[in-house]
Amino acid sequence: MSARSFPGRQILLVAYLLFTLAPIYWLVHMSLRTNEAITGAFAWFPESLSLANYFDILTDPSWYDGYINSITYVTINTVLSVTIALPAAYAFSRFSFLGDKHLFFWLLTNRMTPPAVFLLPFFQLYTALGLIDTHIAVALAHMVFNVPLAVWILEGFISAVPREIDETAYIDGYSFPRFFVRIFVPLIKAGIGVTAFFCFMFSWVELLLARTLTSVDAKPIAATMTRTVSAAGMDWGTLAAAGALTIVPGALVIYFVRHYIAKGFAMGRV
């Protein structure tokens, strides 16, 4: 790389960062202003900072319940998806059986299917079972997409672990559950972190199933945000504050699993 091209690449990198961060900055910018200021004169910086929009959200149960509902079903989905995918990925990695490759491919095709395809079956099934407007309904629906992804990611990490470790543990008298929990799971904790991240992010941003399968008690924050539209107009400030707060959980998850994600990319499975 020549010395002349290096500054040019730096400029491109800075320009790219500014372009990608501009929507986030403008979202925070709007959240700190009143509706009158937002719809009034254009300004790059808020004339006066106000946390009134955030205060409204954090003190109004109809708002913060949406965050609690979203975090609840996302957590349930992530835990269940990883728990179910771990033994399934181990089986695909360690054993050969009739139709294993076809079954593995079929799992991935479920992940490629648009959520709208499963919307009507889920709605009718959960209505018959009395699960509509519950956290578990959304969590189970999202598992159709997250479990195949989790199996695919974990299978790559498990295949990287030498089979000799399994054989040595069995010779030492370990039962499979004890070996799997105490020895094997710690060896693939990076893969579990990466898998949990992707399961969390899909369930957190998915709206179609979450909005259709809930109404009041388990309504997610993304669906709650649509209520800012009324006959009086759009509540821009509150909507922007809700959007800014919605970014926080995903940012925290990325921060805590960033090293695992980097390892996943290095292994070529993510």
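Computed from a predicted structure; not experimentally measured.

Visitor: Looking at this structure, I do not really get the environment of Val138. What am I missing?
Guide: Among the secondary structure elements, Val138 is positioned in helix 7 (residues 135-159). Overall, the relative accessible area of 0% leaves Val138 in the buried class. Each C-alpha atom of the pair Val138 and Arg211 lies 8.9 Å from the other, and the pair is 73 residues apart in sequence. With residues up to four places along the chain from it excluded, the contact list for Val138 reads Tyr73, Ala210, Leu213 and Thr214.

Visitor: Is there a simple way to explain the pattern of salt bridges in this structure?
Guide: Two side chains carrying opposite charge are able to pair once their charged atoms lie near each other. According to the stated counting rule, one finds 1 salt bridge in the structure shown. Measuring nitrogen to oxygen at the nearest pair gives 3.1 Å for the salt bridge that ties Asp166 to Arg94. Here Asp166, found in helix 8 (residues 163-171), pairs with Arg94, found in helix 4 (residues 61-94); they are 72 residues apart in sequence, far enough to count as distant. Of the two residues, Asp166 and Arg94, both sit in the buried class.

Visitor: Got a minute to help me understand the layout of surface pockets in this structure?
Guide: Any space left empty among the atoms is revealed by the rolling of a water-sized probe across them. Put simply, the largest pocket is a space of about 160 Å³. If you go around the largest pocket, the residues you meet are Phe92, Ser93, Arg94, Phe95, Ser96, Asp100, Lys101, Phe104, Glu155 and Arg163. Going through the elements one at a time, helix 4 and helix 5 (100-112) are the ones with two or more residues in the lining of the largest pocket. Classifying every residue of the lining of the largest pocket gives 3 nonpolar, 2 polar and 5 charged.

Visitor: Which parts of the structure should I look at to understand the side chain of Thr78?
Guide: Inspection of the secondary structure puts Thr78 in helix 4. On the basis of relative accessible area, Thr78 is assigned to the buried category, the value being 11%.

Visitor: What am I meant to see in unusual backbone geometry here?
Guide: For residues that are not glycine, phi is negative in most cases, and the peptide bond is trans in most cases. Phi is positive for Asp133, close to 65 degrees, though the residue is something other than glycine. Following the sequence through the fold, Asp133 ends up in the loop between helix 6 (119-129) and helix 7. The class for Asp133 is buried, based on a relative accessible area of 13%.

Visitor: When you look at the environment of Val82 in this model, what are you seeing that I'm missing?
Guide: You can see Val82 is positioned in helix 4. Each C-alpha atom of the pair Val82 and Ala150 lies 6.4 Å from the other, and the pair is 68 residues apart in sequence. Discounting residues that sit within four places of it in the chain, Val82 has contacts with Leu154, Ile192, Thr195 and Ala196.

Visitor: What should I look at first to understand a nonpolar patch on the surface in this one?
Guide: On the surface, Leu13, Tyr16, Leu17, Leu21, Ile24, Val28 and Ile247 cluster together into a nonpolar patch covering about 630 Å² of accessible area. The greatest single-element share of the nonpolar patch, amounting to 6 residues, is contributed by helix 1 (residues 5-31). Mapped onto the fold, Leu17 is located in helix 1.

Definitions and cut-offs
Residues numbered from 1 in each chain as written. Predicted model: local features only at pLDDT ≥ 70, side-chain atom pairs only at ≥ 80, totals over all residues. Heavy atoms only, no water. Helix = DSSP H or I, 4+ residues; strand = E, 2+ residues; numbered from the N terminus. Buried < 20%, exposed > 50% of the residue type's maximum accessible area, 1.4 Å probe, protein only. Contact = heavy atoms within 4.5 Å. Salt bridge = Lys/Arg side-chain N within 4 Å of Asp/Glu carboxyl O. 1 Å grid on protein atoms, 1.4 Å probe; cavity = no way out; pocket = protein on both sides within 12 Å on 5 of 7 lines; lining within 4 Å. Points joined across faces, edges and corners; volume = space filled by probe spheres on them. Nonpolar A, V, L, I, M, F, W, Y, C, P; charged D, E, K, R; others polar. Patch = residues over 30% accessible without salt bridge, like charges linked within 9 Å, V, L, I, M, F, W, Y side chains within 5 Å. Areas by Shrake-Rupley, 256 points an atom, 1.4 Å probe, with all protein chains shown as cover.

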